[in-house]
Amino acid sequence: MAEKNEPRHTLSEMQARQLANVTKTAPMMSSITPRWLIAFLSWVPVEAGTYRVNKVAPTRPGTRTVECAPGEEVELPEIYIDYEEKPREYTLNAVTTTVDVQTRISDLYRSPHDQIKEQLRLMIEKVKERQENELINNKAYGLLHNVDSSMKIKTRKGAPTPDDLDELIARVWKEPAFFLAHPRAIAAFGRECTRRGVPPPTVTIFGSPFLTWRGIPLVPTDKLDVKDDKTNILLMRTGEKKQGVIGLFQPGLPGEVQPSLSVRFMGINHKAIASYLISLYCSVAVLTEDALGVLENVNVGQYFDYKRATDS
């Protein structure tokens, strides 16, 4: 016998939700990363968008420069320091885009989240992600394309071992600041350390934990590509005074919202669409050849089966 539908004596949940306010988050975007490279670099302001790196010309072989405890009749060398005649100049690169918003949308649907503000926020995040990618991979000034041939080494057996990182440190031995590697490369190095019974220590920087090797932090970035389980690990010295790697930016831009990042209103067209221009100017310079080294041919796809102490 079929059950009879009993009449309701209270308000249903579906009906009640029609009068309730729903708590809504701002738009989330999974492609946003910490962009640690930008935080770890030393940044130098640039005038007129150009930075010139003057260098000392190589000394001619056999040239006497400085004497130590010369004899009474020894003539002291008469010399001067020569400079390169054509120093390299870095011109700031523009990472730019526009954001279009229908004014009807921004007028009617502005609460609890401002549509224009959220569109600009998300696009700025995309611009900053592209900035970090260019700092590493740009063919003109990117770090990967500006490593001197004498500062390039390859892994001994594919996987990044402690010996490989020690060899890289031996190249960039003058006050190295940090390694830069893909998270998978850092994980592969951790596996090699665990296999050898020398787990790398952890240090907290900017409120986040980082693995270290020989006291040097391994900084993760997904902008170092992994292809066929192969990638690269960079090691650099930073700072202008240390003749290291530096980031370049242009201060005082019109409409500047952050250093070297500006947002400018471009107007509203005849279709009632408002446009905003987002511009970010940046570059990176390697001041001396020994400030940047790379470990190439890093295999991140090697794993191990660890035996327990009870296993025979």
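Structural notes, computed from the coordinates. The structure displayed is predicted, hence computed values, not measured ones.

Further remarks concern the side chain of Ser 279. Along the chain, Ser 279 turns up in strand S14 (residues 273-286). For Ser 279, the side chain forms a polar contact with the side chain of Thr 96, separated by 3.4 Å. The residues touching Ser 279, leaving out its near neighbours within four places in the chain, are Val 95, Thr 96, Ser 260, Leu 261, Ser 262 and Arg 264.

If you walk through the whole model with that rule in mind, you get 8 aromatic pairs. On the numbers, 6.4 Å between centres and 80 degrees between planes, the contact of Trp 36 with Phe 40 is edge-to-face. Of the two residues, Trp 36 and Phe 40 both sit in helix H2 (residues 36-40), 4 residues apart, roughly one turn of that helix. On the accessibility criterion, Trp 36 (15% relative accessible area) is buried. What makes Phe 40 buried here is its relative accessible area of 14%.

Before going further, it helps to examine the sheet that holds strand S6 (residues 178-181). Strand pairs in the sheet, formed through backbone hydrogen bonds, run parallel or antiparallel to each other. What the 7 strands build is an open sheet, ordered S5-S15-S10-S6-S9-S8-S7; its pairing is mixed. Here the strands that pair on one side only, and so sit at the sheet edges, are strand S5 (152-154) and strand S7 (202-205). Each strand of the sheet is rotated relative to its neighbour by a mean of 30 degrees, with strand direction disregarded. Two elements, strand S10 (residues 230-236) and strand S15 (residues 292-299), share 6 bridges in a ladder whose sense is antiparallel. Note that in S15 the partner of Leu 234 across the bridge is Val 294.

With that settled, the discussion passes to the environment of Asn 21. Following the sequence through the fold, Asn 21 ends up in the loop between helix H1 (13-17) and H2. On the accessibility criterion, Asn 21 (79% relative accessible area) is exposed. Spatially, the C-alpha atoms of Asn 21 and Gln 119 are 23 Å apart, while their sequence positions differ by 98 residues.

Attention shifts here to a nonpolar patch on the surface. There is a patch of nonpolar side chains on the surface, built from Val 56, Ile 81 and Tyr 83 and spanning about 340 Å² of accessible area. Here Ile 81 shows up in the loop between strand S2 (50-53) and strand S3 (88-91).

Reading the values: rules and limits
- Residues numbered from 1 in each chain as written.
- Predicted model: local features only at pLDDT ≥ 70, side-chain atom pairs only at ≥ 80, totals over all residues.
- Heavy atoms only, no water.
- Helix = DSSP H or I, 4+ residues; strand = E, 2+ residues; numbered from the N terminus.
- Polar contact = N/O pair within 3.5 Å; in protein donor to acceptor, adjacent residues only side chain to side chain.
- Contact = heavy atoms within 4.5 Å.
- Phe/Tyr/Trp six-rings, centres within 6.5 Å; stacked < 30°, edge-to-face > 60°.
- Buried < 20%, exposed > 50% of the residue type's maximum accessible area, 1.4 Å probe, protein only.
- Pairing = 2+ DSSP bridges.
- Axes fitted to C-alpha atoms, helices over the stretch in contact; angles between N-to-C directions.
- Patch = residues over 30% accessible without salt bridge, like charges linked within 9 Å, V, L, I, M, F, W, Y side chains within 5 Å.
- Areas by Shrake-Rupley, 256 points an atom, 1.4 Å probe, with all protein chains shown as cover.
- Salt bridge = Lys/Arg side-chain N within 4 Å of Asp/Glu carboxyl O.

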